[in-house]
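Geometric and topological summary
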Amino acid sequence: MVLADREARNMRTHEADEGDDAGKRNGDRGQDADTEQHPFPEPSGGEVIRGKLYQFDGHSGLRVHATDAMELHDLTTRVDIDPGLTVGIFLQGELRVGIDGAEFGLGHPVHPTGHMWVVNRPSTLERRSNKGRHIRKVLFSVPLEWLAAAMEAETATAGSLEQFLATHLAAFSWRPSRRAVALAEQIINPGDGPKVLRNMAVESRAIDILGEALSAFMGIGTADNSRARSMRQASRAERIRDHILTNVDDELRLDTIAREIGMSVGSMQRAFKSAFGTTIAEFTREARLYRARDAMDSEGISVSEAAYRAGYSSPANFSTAFKKLFGLTPSQARK
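Residues numbered from 1 in each chain as written. Predicted model: local features only at pLDDT ≥ 70, side-chain atom pairs only at ≥ 80, totals over all residues. Heavy atoms only, no water.

Okay, the pattern of salt bridges next. Note on pairing: side chains with opposite charge can pair once their charged atoms come close. A complete count under the given rule lists 19 salt bridges for this structure. Notably, a salt bridge pairs Glu-282 with Arg-178, separated by 3.0 Å at the nearest N-O pair. Of this pair, Glu-282 sits in helix α10 (residues 280–299) while Arg-178 sits in helix α5 (residues 178–188), and the two are 104 residues apart along the sequence. Residue Arg-178 is classed as partly exposed on the basis of its relative accessible area, which comes to 42%. Here the salt bridges do not stand alone but share partners, grouping Arg-78, Arg-96, Glu-103, Glu-126 and Arg-128 into one network. (Salt bridge = Lys/Arg side-chain N within 4 Å of Asp/Glu carboxyl O. Helix = DSSP H or I, 4+ residues; strand = E, 2+ residues; numbered from the N terminus. Buried < 20%, exposed > 50% of the residue type's maximum accessible area, 1.4 Å probe, protein only.)

Printed below as a string of C-alpha cells:
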C-alpha cells in the first residue's frame, strides 16, 4: 500500500536505539509525535533525513505521509510495498524511484507537480536520496478495494479508470491547481488544536486532492489536463513559462516577453491562459512568492526581506498573498 508509509517505518526501525534521546527532544518541543521535527538515523546512528514528518492512517483506509525535510546523505533504500493507488503532490524537489524495475521521475525543478500511480501486487521500491536535496511533498495511498467499491455505481464514467487501476505500475501526472497546492501545504503544516480535529482535516484535504487527481485523469472538471492541449500550443506556453521563470527576478513586461518569444501580446496571453489556466501576471506573482518561500526556508531571511524579494512594498500585502497561495502565513512557514 503506502509507498511513503512503509519507507518511513523502515527508517524508524533504526530509531529505536535513540528512543530516549528522541523522546527528550519531543518533550522539549511539546509537539505530537506525528508532527514532530526530527532526524531519521542511519543503521550506523548517523542522520539520514532532517526535517518534519507527518503520518496518519485514516478511517477510510487512506494513509497520509507528508515531509518537509533535507536529505543528508547519498543513499539507496529498498522496501516492500503493498497494493494500492498512491497520489502525490510534490511542492519542492525531485525524486527518482524504481518499482519492480520501472523508473518514475517525481517532482519538477520549478513548480509543484501531481503524480498518481498504481501498484496492484506486492512489490519492491527503490528510492535514491541525494545529499543536500530538500524535499517537500505529500503522499497518500488508497486501498484498491475502497476505490472499486466507490466506482460500482459509476459504470458510465469509470471505464478508463478501472483499466488504469487494473494495470500494474500505471502512472499519470498532472499540474495541480492552486487549491490542491494550498491543501498540500496545509497537510504538511496541520497547525495547532486537538489531534483528532487535525487528523480529520488532513484526511478531508487528502480526499479533495484525490478527487482532483481522478478528475484530471478522466479529463473532467477544471484540473489541468495536458491531453486536451495541442502540441503546438503547449510548446509555446512552455517557452513563455520558461522565459518568465528564467527572468522572474527582473522587471517583466508583456511586450518584452512577447518580442522574445516571437508572438503578439494577445496571442501570447491566450496561449498561456489556455495551457496553464492562469494569466501571465498571476503566474509571475506566484513564481515570485515561491522564490520568497524558498529563500525563507534555505536562507532564513525575514518576512520583510521575503516581501521585498517577491516585489511587495508592504509586508502585510505580502502576507495576505502568501496565505492565499500556501494556506499559511509567512511566519508560520518559517517555523
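A separate point is the packing of aromatic side chains. As enumerated under the stated definition, the model contains eight aromatic pairs in all. Between Phe-164 and Phe-217 the ring centres are 4.6 Å apart and the planes differ by 45°, which places this aromatic pair in the tilted class. You can see Phe-164 sitting in helix α4 (residues 159–165) and its partner Phe-217 sitting in helix α6 (residues 195–218), a full 53 residues away along the chain. Each residue in the set Tyr-290, Tyr-312, Phe-318, Phe-322 and Phe-326 is aromatic and connected to the rest through ring pairs, giving one cluster. (Phe/Tyr/Trp six-rings, centres within 6.5 Å; stacked < 30°, edge-to-face > 60°.)

Below, the discussion takes up unusual backbone geometry. With a phi angle near 50°, Asp-100 is a residue other than glycine that sits in the positive phi range. Inspection of the secondary structure puts Asp-100 in the loop between β6 (94–99) and β7 (102–107). Relative accessible area serves as the criterion here: at 38%, Asp-100 is assigned to the partly exposed category. The phi dihedral of Leu-169 is positive, around 70°, even though this residue is not glycine. Take Leu-169: it is sitting in the loop between α4 and β11 (171–174). With a relative accessible area of 17%, Leu-169 lands in the buried category.

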